[in-house]
Amino acid sequence: MTFIRLISGCFLAVLLTACQTPVTGEAGAERDANLYDALGQRAGIEAIVEDLMYLIVDDTRIAFQFRGLDVNRFHSRLSDQICGLAGGPCRYTGRSMAESHQAMAITETQFNALVENLVLALERNGISTAAQNQLLAQLAPMHGDIVAP
Amino acid sequence: MTLARDLPMAMILVLALATHVQGAPGSRLWATGGVTTIEGTAGGGLVPWALLSGYASDEEWGGTLALSRAEVDDFTLGFAGVTVNWRNRLELSAGRQTLDLGTLGATLGQDELAQDIFGAKARLAGDVLYGTYGQWSLGLQHKRNRHFTVPSAVGARDESGTDIYLSGSKLFFAALASRNLLVNLTARGTRANQGGLLGFGGDRSRAHELMLEASVALFMNRHWLAGVEYRQKPDNLSFAEEDDWHDLFVAWVPDRRLAVTAAFVDLGGIAGLPDQRGVYLSLQGSF
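It should be emphasised that the depicted structure is a prediction, and the values quoted were computed from it without experimental measurement.

Structural notes on the layout of surface pockets
Residue and element names in this part refer to chain A. Quantified by volume, the largest pocket comes out at close to 940 Å³. In terms of lining, the largest pocket is formed by 34 residues, of which the most central are Phe66, Phe74, Met97, Ser100 and His101. Among the elements of the structure, helix H3 (41-57), helix H4 (71-85), helix H5 (97-101), helix H6 (108-124) and helix H7 (129-139) are those that each provide at least two residues to the lining of the largest pocket. Across the lining of the largest pocket, the residue classes tally to 23 nonpolar, 7 polar and 4 charged.

Laid out in structure tokens, this is it:
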């Protein structure tokens, strides 16, 4: 059964090589345009954000953070932002992530709850695992600006 | 086959215990607590990861219960243990590991080797998903042999020992075929023979030595991950050569409460019996 060792070795080598391959540049731009389509373009993104907002309202971990928010404005701003990040023809015009979350004292628990609801909203809209992961890759770097230090 | 006989019972036990404890298992994303290693900490099967067990995030408590078994050619390695996780900052674990000696037991006049393992792991910095440099944790595993006759007879110096390890874990989103890839590296200071089942230190060396361990796991989706692990081991006893450990695993995480792991493990030579390979199965309930 040396095949186990052989397969392990090959698998590891393939994975490590993939790790080192940069995902920026032209390939990245192309991937982003595909992501916009994979999310169902502007209409698809708006449906995802709407589902996300319903999930947030029902989630006692984070619903209180969204109380008193202008629902329509939040919906269109977040849709713009995701659309832009996904390589679509939209531009986010709201405040910076750091500025808009500064006074909210957001915890890791609340951040995780939001990401969970986003993934569930993506699943409800039939978004593929690949597209979900590509979107999360775009959103993940915002963690530092959103969670309170 | 004992595996087939014991596992349904084990599964019922883990599920019953995990669902008995009320409340949701925590807010961290699915499968980001890893599974439980044969030494009781969060990780893969053989290698600890920098992740802390279960799903507790920074305002929460959580933990896990786990039962595992590896059936290799001449031995059966078993583990049962519990962990608690305080605010994704500190993980404490306790468990018992047994090595059923099988045919060798009759010769030695002892059915099994066993040890208790008490662990602590602290998250030092970072976050596996969102940290630029991933997540880093420092851990201890204090191990105590329950029977020292056999380890002593083969040259082990001590019946207890403490491993110290530093782990780094990072998840790369959409890294390979747009799937998320988890990479873990662990450096361990240890003088344990066969993980401690054959005691600590030996005629060749009594000191702690630095060993490297690594694992890589690919998430097919949020319910399934597959990966490989490698664990370097010391070779302190001249009576029989000790080999490094390897495994190839698949884990299924239907929801936060349950994780099932299956693996092909290669434990190399144990106590002079070469090429110990076989199947590993582990159940974990989270609360």
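So, the side chain of B:Arg222
Topologically, B:Arg222 is positioned in the loop between strand S10 (209-219) and strand S11 (224-231). At a separation of 2.6 Å, a polar atom in the side chain of B:Arg222 contacts the side chain of A:Glu123. The residues contacting B:Arg222, other than those within four sequence positions of it, are A:Val119, A:Leu120, A:Glu123, B:Trp30, B:Ala31 and B:Val253.

Concerning empty space enclosed by the protein
Tallied over the entire structure, the rule returns 7 cavities of 30 Å³ or more. Here the largest cavity is characterised by a volume of approximately 90 Å³. For the largest cavity, the full set of lining residues is A:Asn112, B:Arg28, B:Leu29, B:Thr32, B:Leu51, B:Asn88, B:Asp127, B:Val128, B:Leu129 and B:Gln135. When the residues that make up the lining of the largest cavity are grouped by side-chain class, the tally is 4 nonpolar, 4 polar and 2 charged. The computed volume of the second largest cavity comes to approximately 60 Å³. Taken together, B:Asp163, B:Arg188, B:Thr190, B:Ala192, B:Gly195, B:Met211, B:Glu213, B:Arg231, B:Gln232, B:Lys233, B:Pro234 and B:Glu242 make up the lining of the second largest cavity. Put simply, the parts of the chain that give the lining of the second largest cavity at least two residues each are strand S9 (179-190) and S10 of chain B. For the lining of the second largest cavity, the per-class residue count stands at 3 nonpolar, 3 polar and 6 charged.

Here is what the cut-offs are and how they apply
Residues numbered from 1 in each chain as written. Chains lettered and ligands numbered in written order. Predicted model: local features only at pLDDT ≥ 70, side-chain atom pairs only at ≥ 80, totals over all residues. Heavy atoms only, no water. 1 Å grid on protein atoms, 1.4 Å probe; cavity = no way out; pocket = protein on both sides within 12 Å on 5 of 7 lines; lining within 4 Å. Points joined across faces, edges and corners; volume = space filled by probe spheres on them. Helix = DSSP H or I, 4+ residues; strand = E, 2+ residues; numbered from the N terminus. Nonpolar A, V, L, I, M, F, W, Y, C, P; charged D, E, K, R; others polar. Polar contact = N/O pair within 3.5 Å; in protein donor to acceptor, adjacent residues only side chain to side chain. Contact = heavy atoms within 4.5 Å.

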